[in-house]
Amino acid sequence: MITKILSTTKHSQFLNITSLVMEALGESGLKSGTLNVFVSHTTAGITINENADPNVTRDMLNILDRMVPWDHPDYKHSEGNTAAHMKASLMGNSAQIIVEEGRLQLGIWQGIYFCEFDGPRERKIRVKVVGK
Ligand code: ZN
């Protein structure tokens, strides 16, 4: 398993971590198989989506904010960050990508995003490869 540390800079943001994941893939030596990237946090997620137009992830953040407001009178969680937990679950905490010839088989418009919902913080991603 390979651990990579990253720092988020905003309260909520989609951080393109494709190059960080490619770095981990290079360290793993994997040529053919699958790469799993896992976020070991409860207020951050991971997703794969468009890497070309930054308005896509901006729109996604705006939609998530509308779907899950930060404050709501029904929230009971004492830490006060229920919205961050909810958004993390909506995005999911892992992604799996096929690897062939030592390269991630992402589509040309796809990027891997770390989804911060309660930053800024230092965060970790875990990468595990399966194959040879
Ligand atoms: Zn909490």
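For the structure itself, look to the data block above.
This one's a predicted model, so the numbers in the text were calculated from it and none came from an experiment.

Participant: Can you break down the coordination of the zinc ion residue by residue, with the values?
Facilitator: Around the zinc ion, the donor atoms from the protein are His77 (NE2), Glu79 (OE), Asn81 (OD1) and His85 (NE2), and they sit 1.9 to 2.2 Å away. Because the angles between the four donor atoms bound to the zinc ion fall within 91 to 145 degrees, the donor set is best described as irregular. Counting gaps between the donor residues of the zinc ion yields the pattern H-x1-E-x1-N-x3-H. Assessed through its relative accessible area of 53%, glutamate 79 is described here as exposed. Residue asparagine 81 is classed as buried on the basis of its relative accessible area of 2%.

Participant: I'd like to hear about helix H2 (residues 54-67), residue by residue, with values.
Facilitator: End to end, H2 covers 20 Å across 14 residues, agreeing with the expected 20 Å (1.5 Å per residue, within 8%). Listed as buried for H2 are Thr57, Met60, Leu61 and Leu64. Down the axis of H2, the sector holding all buried residues measures 100 degrees, keeping them to one side. Along its buried surface, H2 packs onto strand E2 (13-16), strand E4 (44-50), helix H3 (82-91) and strand E7 (110-116). Backbone nitrogen of asparagine 55 and a side-chain oxygen of the N-cap are separated by 2.8 Å at the start of H2; the cap is aspartate 53.

Participant: Account for the sheet that holds E2, with residues named and values stated.
Facilitator: The sheet built from three strands is open, its strands ordered E2-E7-E4 with antiparallel pairing. With one partner strand each, in any of the chains shown, E2 and E4 form the two edges of the open sheet. Here the average twist between neighbouring strands, direction ignored, is 35 degrees. Sheet analysis places E4 next to E7, joined by seven bridges and oriented antiparallel. In the sheet register, isoleucine 48 faces E7, and the bridge partner there is isoleucine 112. Sheet strands touched by H2: E2, E4 and E7. Its angle to E2, the strand with the most contacts, is close to 150 degrees.

Participant: An account of the side chain of glutamate 116 is requested, with residue identities and associated values reported.
Facilitator: Assignment of secondary structure puts glutamate 116 in strand E7. Within the structure, the side chain of glutamate 116 is placed 2.8 Å from the side chain of threonine 8, a separation counted as a polar contact. In terms of polar contacts, glutamate 116 uses its side chain to reach the backbone amide nitrogen of aspartate 118, at 2.8 Å. Setting aside residues no more than four positions away along its own chain, glutamate 116 makes contact with Thr8, Lys10, His11, Ser12, Gln13, Thr43, Arg121 and Arg123.

Rules of the game
- Residues numbered from 1 in each chain as written.
- Predicted model: local features only at pLDDT ≥ 70, side-chain atom pairs only at ≥ 80, totals over all residues.
- Heavy atoms only, no water.
- Donors = N, O, S within 2.8 Å, 3.2 Å for Na, K, Ca; no water.
- Tetrahedral: all angles 85-135°; square planar, octahedral: opposite > 155°, others 65-115°.
- Buried < 20%, exposed > 50% of the residue type's maximum accessible area, 1.4 Å probe, protein only.
- Helix = DSSP H or I, 4+ residues; strand = E, 2+ residues; numbered from the N terminus.
- Expected span 1.5 Å × (residues − 1).
- Arc of directions from axis to C-beta.
- Contact = heavy atoms within 4.5 Å.
- Polar contact = N/O pair within 3.5 Å; in protein donor to acceptor, adjacent residues only side chain to side chain.
- Pairing = 2+ DSSP bridges.
- Axes fitted to C-alpha atoms, helices over the stretch in contact; angles between N-to-C directions.

These results come straight from atomic positions and should not be treated as a statement about function.
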